[in-house]
Amino acid sequence: MSLLHFAVLLPFLYTVFVPLFFKKLPRVHTGWFVLIVPLLLFVYFAAQFPLRSGSAPMFQSLSWIPSLGIRFDLHLDGLSMLFALIITGIGFLVIVYSIYYMSKEREALHHFYIYLLIFMGAMLGIVLSDNLMVLYVFWEATSVSSFLLIAYWFQRKRSRYGAQKAMLITVTGGFAMLLGFLMLGSAAGTFSIREIVAMKEIIVNDSLFIPAMLLVLLGAFTKSAQFPFHIWLPDAMEAPTPISAYLHSATMVKAGVYLVARMTPVFGGHMSWFWIITIIGIATLFWGAFMAIRQFDLKALLAYSTISQLGLIMSLLGIGSLALHTNYEAQAMLFSGAILAAVFHLFNHSIFKGSLFMVVGILDHETGTRDIRKLGGLLSLMPVSFSLTIIGGLSMAGLPPFSGFLSKEMFFTGVLTAYQHIDQWVVLLPIVAWLASVFTFVYCLVFVFKTFTGTYRPERLDKKPHEAPAGMLVSPIVLATLVLVIFFFPNLISYTLLEPAMRSVLPSLLQPGEVFEVDIKPWHGFNTELFMTIGIVVMGSLLYKTYKKWSDIYYNLPRKFDFNYMYDKGLTGAERLSARVTNFYMNGFLHSYLSYIFTFVIIVVGGSFLLQRAFAIDPSTNAVIEWHEYLLAVSIAVSSGFVLFVNSRLTSIIGVGAVGYLVSLLFVIFRAPDLALTQLVVETITTALFLLCFYFLPKLKTEVVRIRVKASNLLISIGVGTVFTLIGISAQSTNPFKPISHFFLNSYELSGARNMVNSILVDFRAFDTMLESVVLFTAGIGVYTLINLRKSRREKR
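Described below are features of the structure shown in this document. Everything numeric here is computed off the predicted structure, so don't read it as measured data. (Residues numbered from 1 in each chain as written. Predicted model: local features only at pLDDT ≥ 70, side-chain atom pairs only at ≥ 80, totals over all residues. Heavy atoms only, no water.)

### Let's talk about helix H4 (residues 36-46)
Part 1 of the argument: Along H4, the residues that are buried comprise Val37, Pro38, Leu41, Tyr44 and Phe45. All buried residues of H4 lie within an arc of 125° about the axis, which places them on one face of the element.
Part 2 of the argument: The secondary structure elements touched by the buried residues of H4 are helix H1 (3-14), helix H3 (30-34), strand E1 (58-60), strand E4 (74-76), helix H5 (78-101) and helix H6 (109-128). (Buried < 20%, exposed > 50% of the residue type's maximum accessible area, 1.4 Å probe, protein only. Helix = DSSP H or I, 4+ residues; strand = E, 2+ residues; numbered from the N terminus. Arc of directions from axis to C-beta. Contact = heavy atoms within 4.5 Å.)

This is the structure we're talking about:
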């Protein structure tokens, strides 16, 4: 196992020790012991920076399921490096923050940090996996761990609801993505992402190319909360704030963004890829920004802002994919700027949104509420938090001197480039992008000024507000500092993080040894992008001032078109439908259950054999049937039919016994005296036991059964008998394998046994026989326990 594999597995392995720290060292916050994991991982990945200077990406392979072509292969390139540093770096800051946010006396911290470590390892597995099947395993691990983290306060109904909604939507999308991966693997003959990228020209002509693309995008859109699958993210805000800062701003929601970026070299040259991602991204950008303004809960506001920002990044990835289209080879480098903007804004969003979530946690922690209507006038009481909010909020709004301004200007450049070089009606892209940015500016002003300025109303607060402790402020201060530093020195990350990530998304645009030119500047003169920003400030300020005059528009939206309403109705309808279906077949009658089972067997088993033409009847190899064998067969059939028509239990038992004795005669004829003897002993004992037990039961009552029921019973019994008779004859008529009986002829040499049957039972099937004995023993204990429990209950009465 390589060091890179160990880095992915370390968070999982470390979970074993977390409960020990929590129980054995209760006076020390468990977070201090967990902190070492992201710190070590961040140092390890940061130490790989020389890899970024033009050398080949790191690749490590480990065998897992070779028979299925599944290997635990890890690939560290520029894109995975960027995500790995975000996952571990912000993970470290979140754990530092959680130490002061989560109480060691009131919270089950061992659960909290186990879930968090599982999520961290799963995210690293996603961004580093080269095998699609391994990527899927880690993908669903993030869904499960995020479910546990969202439902951490499980005693709250909203937490359980949010966790369930996130699980249902993301896992459904993940399953669709799995189908896309299987199609892609079938078309390429491999699950290796590197090999699939190399085979792009072959795959693009495959009939599975478009279905695989759509299914992969469905998985990415559900994970990254794209319209209309965005509804799970606001409800996921019921998780503790450190989780919101980590999962829902910096890491998990960007897994879909990562998948789109990673698969762009495969699907990027196709126009469907461009249109779907760009349209969905722009729609998500606008809808998230529009809905954020109406939120009163600060975390809900940030949730919708995250949805909007993820849409922005998605739309840039869609526009940038045109760089791989053959019709736009001349403009390839222009469109590649959209990929640079996407990667840059992804980084910026992680730092300013992480800081803002932590500030919201501070406000909630120190005031007891996140409701904007109760807050206000906190500027003088919480000056540090206000400064952090100004930096994060205005960076999200895209204003200087904050890093968000740089990537937002690059976003405008990307949509304007698309408008200039594609169909004219694409003018809608910059228009919608500008409108969404106006709403973004408005909700940023709401977040900053509604919270910290205005009238201070202590009677509405649950606590007397004061500034947070220094430990809780460290993490958001670090992130806010990065926001400022990146604005003034953006090229610090140009060729260490951004360019290598671009190279991973657009590898075919460069010759060996070439690099993309990345020169980020805060000032480009008076251009269209700057005028769009000025217009945003003017229009946004006007809308903010006149909010009360136009806010009624939100209350005029038809509720039946609300996606949360449709989700709730759909879930309720599915539960009612399942209840009706269950009540239909779970009617309490054994006859109905057996009818369903046998009918299913007839349709599925018999139908499968018919469709596959698997029934084969070849009487040429059969032995000659003698007259006495016919006589025995008829006698067995008559005895079986006799059991069906008698009205006495004793008579039916005698009929069943007659069937068993007649079968033992067949064993004698077929020269199996040991089987015949066993059959005779078993039939004698069971018949005697049945007679003893049934003697005390009342006589059988004549049942009135409708003709329809009798007819269905007859058809089902004939069908089952016919299917299994044909299967038996087919099995006898085909011999695809060498008979195993020749092997058992050597039983004396192999096991020293002269009786082949005994040798098979005792030696060749020893474990099977032993386990059968264990099953019988276990069942006996269960029966004995139930009898004793019944006796004890009677004694208590």
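### Focus on the packing of H1 against H4
Part 1 of the argument: Packing of H1 against H4 leaves a shortest axis separation of 10 Å and a crossing angle of 170°. Judged by the inter-axis angle, H1 sits roughly antiparallel to H4. For the pair H1 and H4, contact is made by Leu3, Leu4, Ala7, Leu10, Pro11 and Tyr14 and by Ile36, Val37, Leu41, Tyr44 and Phe45, respectively.
Part 2 of the argument: Among the residues making up the contact of H1 with H4, the classes are represented as 11 nonpolar, no polar and no charged. (Axes fitted to C-alpha atoms, helices over the stretch in contact; angles between N-to-C directions. Parallel < 35°, antiparallel > 145°, perpendicular 65-115°, else oblique. Nonpolar A, V, L, I, M, F, W, Y, C, P; charged D, E, K, R; others polar.)

### A closer look at the packing of aromatic side chains
Part 1 of the argument: Summed over the entire model, instances satisfying the criterion amount to 36 aromatic pairs.
Part 2 of the argument: Relative to Tyr596, the ring of Tyr585 lies with its centre 6.4 Å away and its plane at 85°, an arrangement referred to as edge-to-face. Linking Tyr585 in helix H25 (residues 563-585) with Tyr596 in helix H26 (residues 590-611), this pair joins segments that are 11 residues apart in sequence.
Part 3 of the argument: Residue Tyr596 is classed as partly exposed on the basis of its relative accessible area of 33%.
Part 4 of the argument: Ring pairs connect the aromatic residues Phe227, Phe286, Trp287, Phe290, Phe439, Tyr547, Trp550, Tyr554 and Phe563, which therefore count as one cluster.
Part 5 of the argument: When the ring centre of Tyr555 is taken as reference, the NZ or CZ atom of Arg294 above it lies at 6.0 Å.
Part 6 of the argument: A cation sits over an aromatic face here: Arg373 above Phe296, 4.1 Å from the ring centre. (Phe/Tyr/Trp six-rings, centres within 6.5 Å; stacked < 30°, edge-to-face > 60°. Lys NZ or Arg CZ within 6 Å of the ring centre and 35° of its normal.)

### Thoughts on empty space enclosed by the protein
Part 1 of the argument: Overall, the coordinates contain three cavities of 30 Å³ or more when judged by the stated rule.
Part 2 of the argument: Counted as a void, the largest cavity has a volume near 80 Å³.
Part 3 of the argument: Taken together, Leu285, Gln309, Leu312, His345, Met396, Ala397, Gly398, Gly404, Lys408, Ala436, Ser437 and Thr440 make up the full set of residues lining the largest cavity.
Part 4 of the argument: The set of elements that each furnish at least two residues to the lining of the largest cavity consists of helix H16 (298-320), helix H18 (383-397), helix H19 (403-421) and helix H20 (428-452).
Part 5 of the argument: Per-element tally for the lining of the largest cavity: the top contributor is H20, with three residues. (1 Å grid on protein atoms, 1.4 Å probe; cavity = no way out; pocket = protein on both sides within 12 Å on 5 of 7 lines; lining within 4 Å. Points joined across faces, edges and corners; volume = space filled by probe spheres on them.)

### Regarding the environment of Val537
Part 1 of the argument: In this fold, Val537 is placed in helix H23 (residues 528-545).
Part 2 of the argument: Through-space distance from the C-alpha of Val537 to that of Gly398 is 9.7 Å; in sequence the pair is 139 residues apart.
Part 3 of the argument: Setting aside residues no more than four positions away along its own chain, Val537 makes contact with Leu399 and Phe441.

### A word on the packing of H5 against helix H17 (residues 332-367)
Part 1 of the argument: Between H5 and H17, whose axes approach to 12 Å, the crossing angle comes to 10°. Put simply, H5 runs roughly parallel to H17. Counted together, Leu82, Phe83, Ile86, Ile90, Leu93, Val94, Tyr97, Tyr100 and Tyr101 of H5 and Val343, Leu346, Phe347, Ser350, Phe357, Met358, Gly361, Ile362, Asp364 and His365 of H17 form the full contact between these two elements.
Part 2 of the argument: Residue composition of the contact of H5 with H17, by class: 15 nonpolar, three polar and one charged.

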